[in-house]
Amino acid sequence: MADSPRQFDYIVLGSGIAGLTFALKVAHAGTVAIVTKKSRAESNTNYAQGGIAAVTSEEDSFESHVQDTLNAGAGLCNEEVVRGIVEAGPERIEELIHLGMKFSERETGNGGRELDLGREGGHSQRRILHAKDVTGREIERALLDSIAANENIHVFENHFAVDLITTRKLGQSDTNRCVGVYVLDNETNAVETYSARTVILATGGCGKVYLYTSNPDIATGDGVAMAYRAGATIANMEFVQFHPTCLYHPKAKSFLISEAVRGEGGELLNLRGESFMEGVHPLKSLAPRDVVARAIDSEMKRSGDDHVLLDITHKSARAIIDRFPNIYQTCLQFGLDITKEPIPVVPAAHYQCGGVQVSHDGETGISGLYAIGEVSCTGLHGANRLASNSLLEALVYAHRAAAHALAHPAPAVDSPLPDWHSGDATDADEMVVVSHNWDELRRMMWDYVGIVRTTKRLKRALSRVKHLQEEIQEYYWDFTVTSDLLELRNLATVAELIVQSALLREESRGLHYTLDYPEPVESFAKRNTLVARDNKEG
Ligand code: SIN
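This section reports on the structure supplied with the text.

Cut-offs applied
- Residues numbered from 1 in each chain as written.
- Predicted model: local features only at pLDDT ≥ 70, side-chain atom pairs only at ≥ 80, totals over all residues.
- Heavy atoms only, no water.
- Helix = DSSP H or I, 4+ residues; strand = E, 2+ residues; numbered from the N terminus.
- Buried < 20%, exposed > 50% of the residue type's maximum accessible area, 1.4 Å probe, protein only.
- Contact = heavy atoms within 4.5 Å.
- Areas by Shrake-Rupley, 256 points an atom, 1.4 Å probe, with all protein chains shown as cover.
- Lys, Arg positive; Asp, Glu negative; His and termini not counted.
- Charge placed at Lys NZ, Arg CZ, Asp CG, Glu CD.
- Core = buried A, V, L, I, M, F, W, Y, C linked by side-chain atoms within 4.5 Å.
- Axes fitted to C-alpha atoms, helices over the stretch in contact; angles between N-to-C directions.
- Parallel < 35°, antiparallel > 145°, perpendicular 65-115°, else oblique.
- Left-handed = near helix turned anticlockwise from the far one by under 90°.
- Pairing = 2+ DSSP bridges.
- Near = heavy atom within 4 Å.
- Polar contact = N/O pair within 3.5 Å; in protein donor to acceptor, adjacent residues only side chain to side chain.
- Nonpolar A, V, L, I, M, F, W, Y, C, P; charged D, E, K, R; others polar.
- 1 Å grid on protein atoms, 1.4 Å probe; cavity = no way out; pocket = protein on both sides within 12 Å on 5 of 7 lines; lining within 4 Å.
- Points joined across faces, edges and corners; volume = space filled by probe spheres on them.
- Expected span 1.5 Å × (residues − 1).
- Phe/Tyr/Trp six-rings, centres within 6.5 Å; stacked < 30°, edge-to-face > 60°.
- Lys NZ or Arg CZ within 6 Å of the ring centre and 35° of its normal.

Description of the overall build of the protein
Then, number 1: What the protein contains, in helices and strands, is 13 helices and 20 strands.
Then, number 2: Principal-axis analysis of the C-alpha atoms places the extent of the protein at approximately 65 × 55 × 50 Å.
Then, number 3: Across the 538 residues in the protein, those meeting the buried criterion constitute 60%.
Then, number 4: The long-range fraction of contacts in the protein, counting pairs at least 24 apart against all pairs at least 6 apart in sequence, stands at 74%.
Then, number 5: Carbon together with sulfur atoms contributes 49% to the accessible area of the protein, which is approximately 21000 Å² in total.
Then, number 6: Separation between the mean location of the 53 positive side-chain charges and that of the 74 negative ones in the protein comes to 4 Å.

Written out as structure tokens, the structure is:
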């Protein structure tokens with residue numbers, strides 16, 4: 001630890017699987033601050049139901065997992081990256097188990113026990129390690145228990161990262177290096193200056209940019225927006241994954257019905273009980289997510305119904321309750337017994353396949369800044385993420401980034417960093433403007449930049465988002481910052497990146513489907529969509 005409580009060797013932004021794993025791996029070599037905007041367990045990871053895809057069974061093979069990932073990714077995955085992650089999987093899983101993670105097991109038949117492997121869309125094998133249907137919660141428990149026992153790791157809860165501090169912003173150097181972060185303490189409302197030789201973005205995704213999402217409220221694209229403002233390159237933001245099955249109920253906010261339900265035989269039906277996935281894809285209800293989400297969207301548009309059904313009632317009540325205790329209990333609270341009746345479901349924004357472009361070691365283009373987990377774009381997901389590959393990617397890249405940061409320690413930050421200058425006016429109508437703009441932005445993204453796109457709607461969205469950005473910037477500069485305003489500012493940045501990237505891709509591929517270019521175009525097959533700004537302060 002350096003001499004001031006706000007100087008660290010490593011600052012990790014975010015407390016999901018990627019950030020916590022990284023922190024545990026570097027803490028022996030220096031002090032670590034984990035900055036997280038809510039409580040420490042509140043992360044996208046915490047809500048992961050499905051699990052971690054990894055090759056752990058003798059019936060499975062690396063090649064099969066690689067091919068399933070490439071098939072889902074629709075030609076845009078980086079095959080070398082895919083192979084590297086898939087092959088690193090078993091070791092990272094062993095490590096997590098060693099740390100205390102308890103995956104579900106089953107009896108082998110000869111008195112022994114083995115890992116219970118689930119199946120999800122696009123996987124040709126059972127390979128999903130899970131803890132019933134609360135895998136993320138169990139991962140967070142195991143990692144946070146280890147974090148609590150480590151005195152080199154300091155967790156700052158209810159602290160919101162406002163912006164990265166870079167040498168270029170400070171006008172100090174031609175080489176852009178990240179040297180710290182401005183952080184809003186939500187309890188005192190003060191913005192503090194944190195410095196570190198290495199900063200890690202592990203802030204997750206941006207589901208809240210859409211009106212309907214499976215993500216928790218924290219998923220506001222903070223890391224992508226900060227990295228973009230600091231000058232990093234952002235890749236493939238047009239590929240937003242819509243999960244086909246979120247619970248459709250007026251009181252159920254963001255509740256996911258895991259793809260594992262379809263993996264266990266759950267069938268998608270329209271309200272007349274017809275199986276509309278017949279003839280759409282050979283894997284029917286278990287087709288990759290982009291195919292299923294589009295088929296549901298099209299079925300809802302065709303029928304005029306506001307949801308479809310997912311039926312698992314052919315399984316015994318005991319099997320359903322044992323495998324999906326969380327889904328069963330949550331649906332029951334809404335008056336729905338999934339052992340007896342089909343589940344009403346709709347698609348919702350779920351996962352950001354693009355993000356901050358990184359190297360094999362998780363380095364961004366800004367020296368001293370790494371990005372790991374959903375905030376990053378490694379090349380694994382391509383145009384569509386294979387289910388349950390993301391927790392694996394987070395583990396592998398947390399490991400690699402930690403190894404790289406330990407092997408290449410950045411120089412210490414020797415001069416004190418400037419304090420934050422805050423606007424000092426407050427305004428009675430500020431909160432209503434912020435909440436109005438939040439709603440407008442999210443609805444506009446859902447209506448114009450959703451599962452099926454057109455150039456006309458994308459252009460309309462771009463002009464709306466630019467207008468919103470102007471209003472938000474005015475508030476940002478003139479008024480005291482609040483976490484709501486900061487989240488809105490980040491969401492608007494991310495919305496613009498998604499729209500810009502979608503307009504650049506004049507084809508349909510994976511998750512990006514546009515009626516104006518309904519087919520894939522060969523010249524786009526290996527082309528990542530890259531967006532960077534010119535490093536002006538904003
Ligand atoms: C799910 O349980 O369906 C989510 C799994 C994932 O998004 O990878």
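Continuing now.
Describing the nonpolar core
Then, number 1: Formed by 116 residues in total, the largest nonpolar core has its most connected members in Ile-11, Leu-13, Phe-22, Leu-164, Leu-201 and Ile-498.
Then, number 2: In this view, Phe-22 contacts Tyr-10, Val-12, Ile-200, Ile-372, Ala-398, Ala-401, Ala-402 and Ala-405; residues no more than four positions away in its chain are not counted.
Then, number 3: Counting 28 residues, the second largest nonpolar core, distinct from the first, contains Ala-252, Leu-310, Ile-327 and Val-346.

A word on the packing of helix α2 (residues 62-72) against helix α3 (residues 79-99)
Then, number 1: One way to put it is that α2 packs onto α3 with a least axis distance of 9 Å and a crossing angle of 135 degrees. When the axis of α2 is compared with that of α3, the two are oblique. At the point where α2 passes α3, the crossing takes the right-handed sense. The segment α2 lies against α3, with Phe-62, Glu-63, His-65, Val-66, Gln-67, Thr-69 and Leu-70 engaging Glu-79, Val-82, Arg-83, Val-86, Glu-87 and Pro-90.

Overview of the sheet that holds strand β6 (residues 117-118)
Then, number 1: Spatially, the 3 strands line up as an open sheet ordered β3-β7-β6, and their pairing is antiparallel. Two strands bound the open sheet, and with one partner strand each, they are β3 (52-53) and β6.
Then, number 2: Relative to strand β7 (residues 128-129), β6 runs antiparallel, the two sharing 2 bridges. In the strand pairing of β7, Gly-118 is matched with Ile-128.

With respect to the site of the ligand
Then, number 1: Gln-49, Gly-50, Glu-120, His-243, Leu-256, Ser-258, Glu-259, Arg-289, His-350, Arg-385, Ala-387 and Ser-388 make up every residue found near the ligand.
Then, number 2: Taking Arg-289, its side chain carries an N or O atom lying 3.0 Å from an oxygen atom of the ligand.
Then, number 3: A distance of 2.7 Å is found between an oxygen atom of the ligand and a side-chain nitrogen or oxygen belonging to His-350.
Then, number 4: Relative to its unbound accessible area of 260 Å², the ligand is 93% covered by the protein chains.
Then, number 5: Among the residues forming the shell around the ligand, the class breakdown is 2 nonpolar, 6 polar and 4 charged.

What to know about the sheet that holds strand β13 (residues 240-247)
Pairing between the strands of a sheet comes from backbone hydrogen bonds, and it takes one of two forms, parallel or antiparallel.
Then, number 1: The antiparallel open sheet is built from 4 strands, whose spatial order is β13-β16-β15-β14. The open sheet is flanked by β13 and β14 (267-269), the only strands paired with a single partner. For this sheet the average axis-to-axis angle between neighbouring strands, irrespective of direction, equals 45 degrees.
Then, number 2: Two elements, β14 and strand β15 (residues 308-311), share 3 bridges in a ladder whose sense is antiparallel. Counterpart to Glu-267 in the pairing with β15 is Asp-311.

A few points about the layout of surface pockets
If you roll a probe as big as a water molecule over the atoms, it shows you where there is empty space left.
Then, number 1: Of the pockets and cavities examined, the second largest pocket occupies roughly 770 Å³.
Then, number 2: Leu-211, Tyr-212, Val-346, Pro-347 and Trp-446 are the residues nearest the centre of the second largest pocket, which is lined by 29 residues in total.
Then, number 3: Put simply, the parts of the chain that give the lining of the second largest pocket at least two residues each are β13, α7 (289-303), β16 (343-352) and α11 (430-448).
Then, number 4: Tallied by class, the residues present in the lining of the second largest pocket amount to 16 nonpolar, 4 polar and 9 charged.

What about the packing of helix α1 (residues 17-26) against helix α4 (residues 135-148)?
Then, number 1: The interhelical angle for the contact between α1 and α4, taken along N-to-C directions, is 30 degrees, at an axis separation of 10 Å. Taken together, the axis directions place α1 and α4 in an arrangement best described as roughly parallel. You can see that α1 and α4 cross each other, and the crossing is left-handed. Taking contact as the criterion, the partners of Ile-17, Leu-20, Thr-21, Ala-23 and Leu-24 in α1 are, on α4, Ile-139, Glu-140, Leu-143, Leu-144, Ser-146 and Ile-147.

Section: helix α10 (residues 389-407)
Then, number 1: With 19 residues, α10 extends 27 Å between its outermost C-alpha atoms, agreeing within 8% with the 27 Å of an ideal straight helix rising 1.5 Å per residue.
Then, number 2: Along α10, 15 of the 19 residues are buried, which leaves the element largely enclosed by surrounding structure.

Regarding the environment of Ser-415
Then, number 1: For Ser-415, the location among the structural elements is in the loop between α10 and α11.
Then, number 2: Between the C-alpha atoms of Ser-415 and Val-531, which are 116 residues apart in sequence, the distance is 32 Å.

A closer look at the side chain of Gln-352
Then, number 1: Along the chain, Gln-352 turns up in strand β16.
Then, number 2: Reaching out from Gln-352, the side chain makes a polar contact with the backbone oxygen of Gly-354 at a distance of 3.1 Å.
Then, number 3: Residues within four places of Gln-352 in sequence aside, it is in contact with Gly-204, Gly-205, Cys-206, Val-224, Met-237, Phe-239, Glu-374 and Val-375.

Focus on empty space enclosed by the protein
Then, number 1: A full pass over the atoms with the stated rule returns 5 cavities of 30 Å³ or more.
Then, number 2: Of the voids in this model, the largest cavity is the one considered here, and its volume is about 60 Å³.
Then, number 3: Surrounding the largest cavity, Phe-242, Arg-289, Asp-290, Ala-293, Arg-294, Ile-451 and Leu-511 form its lining.
Then, number 4: If you tally residues by element for the lining of the largest cavity, the top one is α7, at 4 residues.

Things to note about the packing of aromatic side chains
Then, number 1: Here the structure, examined in full by the defined rule, presents 10 aromatic pairs.
Then, number 2: Relative to Tyr-194, the ring of Phe-156 has its centre 5.3 Å away and its plane inclined at 80 degrees; by these criteria the two rings are edge-to-face. With Phe-156 in strand β8 (residues 153-156) and Tyr-194 in strand β11 (residues 191-201), this residue pair connects regions lying 38 residues apart in the sequence. Each member of the pair Phe-156 and Tyr-194 is classed as buried.
Then, number 3: Ring plane angle 75 degrees and centroid distance 5.2 Å describe the contact between Tyr-210 and Phe-242, whose orientation is recorded as edge-to-face. Residue Tyr-210 is found in the loop between β11 and α5 (222-230), and its partner Phe-242 is found in strand β13; the two are separated by 32 residues along the sequence. For the pair formed by Tyr-210 and Phe-242, the shared burial category is buried.
Then, number 4: Linked through ring pairs, Tyr-210, Tyr-212, Phe-242 and Trp-446 together constitute an aromatic cluster.
Then, number 5: The ring of Tyr-397 is capped by Arg-400, whose NZ or CZ atom sits 4.9 Å from the centre of that ring.

Everything listed here is a matter of coordinates, which is why it stays silent on function.
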